[in-house]
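Fold and contact review
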Amino acid sequence: VIDLVGYRRRGHNEAEEPMTSQPLMYQAIRKQPTTRAIYADKLVSDGTITAAEAETLVEANRTAMEAGEPVAIGIVANPNTTLYVDWAPYLGHEWTTPADTRFSLKRLRQLAAELERLPDGFVLHRQVERLMKDRHKMTAGAAPINWGYAEVMAYATLIDEGNPIRLTGQDVGRGTFSHRHASLYNQKDGRRYIPLNQLSETTNFDLYDSLLSEEAVLAFEYGYSTTMPNALVIWEAQFGDFANGAQVIFDQFLFTAHVKWQRMSGLVVLLPHGFEGQGPEHSSARIERFLQSCADDALQVVNCTTPAQYFHVLRRQMRRPYRAPLVIFTPKSLLRSPLAVSTAEELARGRFEPLIEDPHALENSDRVQRVILCSGKVYYDLLGERAKRFRDPATVALIRIEQLYPWPADAITALFGRYSRATQVAWAQEEPANMGAWTFVRERIQGKLRSTQKLAYAGRRESASPATGSMRIHRLELAELLDSAFARLTER
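Attention in this report is confined to the structure presented alongside it. In this text, all values refer to a predicted model and were calculated from it rather than measured experimentally.

The number of helices and strands found in the protein chain is 19 helices and 14 strands. In terms of its C-alpha atoms, the protein chain occupies a principal-axis envelope of roughly 90 × 65 × 45 Å. When the 492 residues of the protein chain are sorted by exposure, 49% land in the buried category. Partitioning the contacts of the protein chain with sequence separation of at least 6, the portion at a separation of at least 24 is 80%. Accessible surface computed for the protein chain: about 24600 Å², of which carbon and sulfur atoms make up 52%. In the protein chain, 58 positive and 58 negative side-chain charges are present, and the distance between their average locations comes to 6 Å.

Quick look at helix 17 (residues 409–418) now. Given 3.6 residues per turn, any residue in an α-helix points the same way as the ones three and four places further on. Turning to helix 17, its buried residues are I412, L415 and F416. The arc enclosing the buried residues of helix 17, seen along the axis, measures out at 85 degrees, which places them on a common side. On its buried side, helix 17 packs onto strand 9 (355–356), strand 10 (370–374), strand 11 (396–401), strand 13 (424–432) and helix 18 (438–446).

Glancing now at the side chain of R286. With respect to the secondary-structure elements, R286 resides in the loop between strand 6 (268–272) and helix 12 (287–292). Not counting residues within four places of it along the chain, the set of residues in contact with R286 comprises N244, H273, M435 and P466.

A pair of packed helices is characterised by two quantities: the angle between their axes and the separation of those axes. Between helix 8 (residues 147–160) and helix 13 (residues 307–319), the least distance of the axes is 8 Å, while the angle of their chain directions is 20 degrees. With respect to each other, helix 8 and helix 13 are oriented roughly parallel. Crossing of helix 8 against helix 13: the hand is right-handed. Here helix 8 contributes W147, A150, E151, M153, A154, Y155, T157 and L158 to the contact with helix 13, which in turn contributes P307, Y310, F311, L314, R315, M318 and R319.

Each neighbour pair has its own omega, and for Y405 with P406 the value is -10 degrees, a cis peptide bond. Considering the arrangement of structural elements, one finds P406 in the loop between strand 12 (403–405) and helix 17. Phi at S178 is positive, roughly 55 degrees, even though this residue is not glycine. Summarising the element assignment, S178 is placed in the loop between strand 1 (165–169) and strand 2 (184–185). Residue classification places S178 among the partly exposed positions, given a relative accessible area of 24%.

Side-chain positions along a regular strand alternate between the two faces of the sheet. In terms of burial, strand 1 is a largely internal element, 5 of the 5 residues being buried. Here strand 1 shows two buried faces, one formed by I165, L167 and G169 and the other by R166 and T168. By the bridge criterion, 5 bridges tie strand 1 to strand 4 (residues 205–209) in an arrangement that is parallel. Residue pairing in the sheet places T168 in a bridge with Y208 of strand 4. Sheet topology places strand 1 next to strand 5 (residues 232–236); 5 bridges connect them, and they run parallel. Bridging across to strand 5, T168 finds its partner in W235.

What follows concerns the pattern of salt bridges. Taken as a whole, this structure holds 25 salt bridges when the rule is applied. When the shortest N-O distance is used, the salt bridge between R102 and D100 registers 2.9 Å. Given a relative accessible area of 44%, D100 falls into the partly exposed group. Across the pair R192 and D209 runs a salt bridge, and its minimum N-O distance is 3.9 Å. Taken together, the residues span a long stretch of sequence, with R192 in strand 3 (residues 192–193) and D209 in strand 4 at a distance of 17 residues. Ionic contacts of the salt-bridge type, sharing partners, join the residues R107, E114 and D160 into one network.

Right, let's get into the sheet that holds strand 11. Pairing between sheet strands relies on hydrogen bonds along the backbone, with the strands arranged either parallel or antiparallel. Spatially, the 5 strands line up as an open sheet ordered 9-11-10-13-14, and their pairing is mixed. Each edge of the open sheet is held by one strand with a lone partner, namely strand 9 and strand 14 (454–460). The sheet contact formed by strand 13 and strand 14 spans 6 bridges and is parallel. By the bridge assignment for strand 14, W427 is matched with Y457.

Moving on to the state of the cysteines. Considering all chains together, one arrives at 0 disulfides under this definition. In this structure C294 is a free cysteine whose sulfur lies 15 Å from that of C304, the closest cysteine sulfur available. With a relative accessible area of 9%, C294 lands in the buried category. No disulfide involves C304; its sulfur sits 13 Å from that of C374, the nearest cysteine.

With the rule as written, the count across this model stands at 17 aromatic pairs. Ring geometry for W438 and Y457: centres 5.1 Å apart, planes at 45 degrees, overall tilted. Placement of the pair is W438 in helix 18 and Y457 in strand 14, with a sequence separation of 19 residues. Grouping aromatic residues by their ring pairs yields a cluster made of F250, F255, F290 and F329. Stacked on the ring of Y379, the Lys or Arg R400 has its end atom at 3.9 Å from the ring centre. If you follow R444 out to its NZ or CZ, it ends over the ring of F440, 3.8 Å from the centre.

Core analysis: the biggest nonpolar cluster contains 52 residues, and F250, L271, V371, L373, L404 and I445 have the highest contact counts within it. Counting residues per element, this core draws most heavily on helix 18, at 4 residues. Once you skip the residues sitting within four places of it in the chain, L404 turns out to touch I287, L291, V301, S375, W427, A437, F440 and V441. Grouped together as the second largest cluster of nonpolar side chains are 48 residues, Y149, Y310, M318 and L335 included.

Reading the values: the criteria
Residues numbered from 1 in each chain as written. Predicted model: local features only at pLDDT ≥ 70, side-chain atom pairs only at ≥ 80, totals over all residues. Heavy atoms only, no water. Helix = DSSP H or I, 4+ residues; strand = E, 2+ residues; numbered from the N terminus. Buried < 20%, exposed > 50% of the residue type's maximum accessible area, 1.4 Å probe, protein only. Contact = heavy atoms within 4.5 Å. Areas by Shrake-Rupley, 256 points an atom, 1.4 Å probe, with all protein chains shown as cover. Lys, Arg positive; Asp, Glu negative; His and termini not counted. Charge placed at Lys NZ, Arg CZ, Asp CG, Glu CD. Arc of directions from axis to C-beta. Axes fitted to C-alpha atoms, helices over the stretch in contact; angles between N-to-C directions. Parallel < 35°, antiparallel > 145°, perpendicular 65-115°, else oblique. Left-handed = near helix turned anticlockwise from the far one by under 90°. Pairing = 2+ DSSP bridges. Salt bridge = Lys/Arg side-chain N within 4 Å of Asp/Glu carboxyl O. Disulfide = S-S within 2.5 Å. Phe/Tyr/Trp six-rings, centres within 6.5 Å; stacked < 30°, edge-to-face > 60°. Lys NZ or Arg CZ within 6 Å of the ring centre and 35° of its normal. Core = buried A, V, L, I, M, F, W, Y, C linked by side-chain atoms within 4.5 Å.

Here it is in structure tokens:
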């Protein structure tokens, strides 16, 4: 050990020493034999191998590494079948690989009925009891299906098909916005009950309300997902911006491991996102940061607008052999919006659509003056504003990009082929211009436009903060956003 402190205390001034004497620690380290050399000398002195054999082993190891061959021969030749994971069925597929996510409507309702059964004497909180009654109506077809019902039924159908599910996050049992209630508590004695765990004796639904350490939890779930290709492994941030605390895991592992180390993962990340006047830290999940990593089909980025879309994208993650991390920007206010609903038939017979057309405009494509593309919750703001301004909704086509990456290029090409008479095209978003998807989609949209069409931006101005902290300013910004989206179009 080099006593650098004592060296200085004895009157030696580091600045006065010649350059060759400054890196004393490095000089001492260089003189030390390496761990490999110490071990080799021990084997030679014991007579286990000769010095020549030791050098041969070193050269053989180096040659194998440079050739990309395995160096842990024993592990490769005799793998531990308990730990070994066969990823072969998931290799060589594209994101366009078909996935049949349909499910029997009859069996769907049977599973929903099983989830309603409670242990004897189990007393629900009155608000949870009301939620369970609402779900009963949804199963019976007496009420439209909301986000929480679609999510729970996606889990139920996957469990029924033999896919284990693991859901972890800071409030995942209840759901940050009280929409999920995958775990229930007896109001008499506090006993916890998880209905999804009663659907199968062999397929688990593991639910963990985790500690407030996004980096640690996401890292663990990422590692778990690399060992369980047949399991739906999900990490949910309580608010989308909480992913900031786990950024290093996204950048160093989740989105780059398949390029750096050929390590695959099908981890799902749920990030609540939506500008509703709740302030900077509770608005944006930083879509732009994830889109920066979008290359080489490294991940999937989705921003659903209906419960059925959410149902099918979760099922798609397991039903097709393609595996890549899936980032879903989930809603807050839309969880209970009367507009963001689906039907049981859409769950049973539908599929995930990367792009959702405008039904009014689709039937009257020759009358469309402007095409507005958007993603996520802002669609419903645009929908309401269009209804206020125009008697004929077909004048403006509102197009939802549900999957931002991999980019649905073919669907976009077909879209502008249908609306060739529209001279105005706009991208609308809630986020500031230097955030959100604008810089990502701009060139991808412009490349598909006709010579008579121009692309405009409708959204908030550039900002250092993802959102304002004032509800009054939030409303003013939203009004400005909507006004720019419909600018130069004839109003009522």
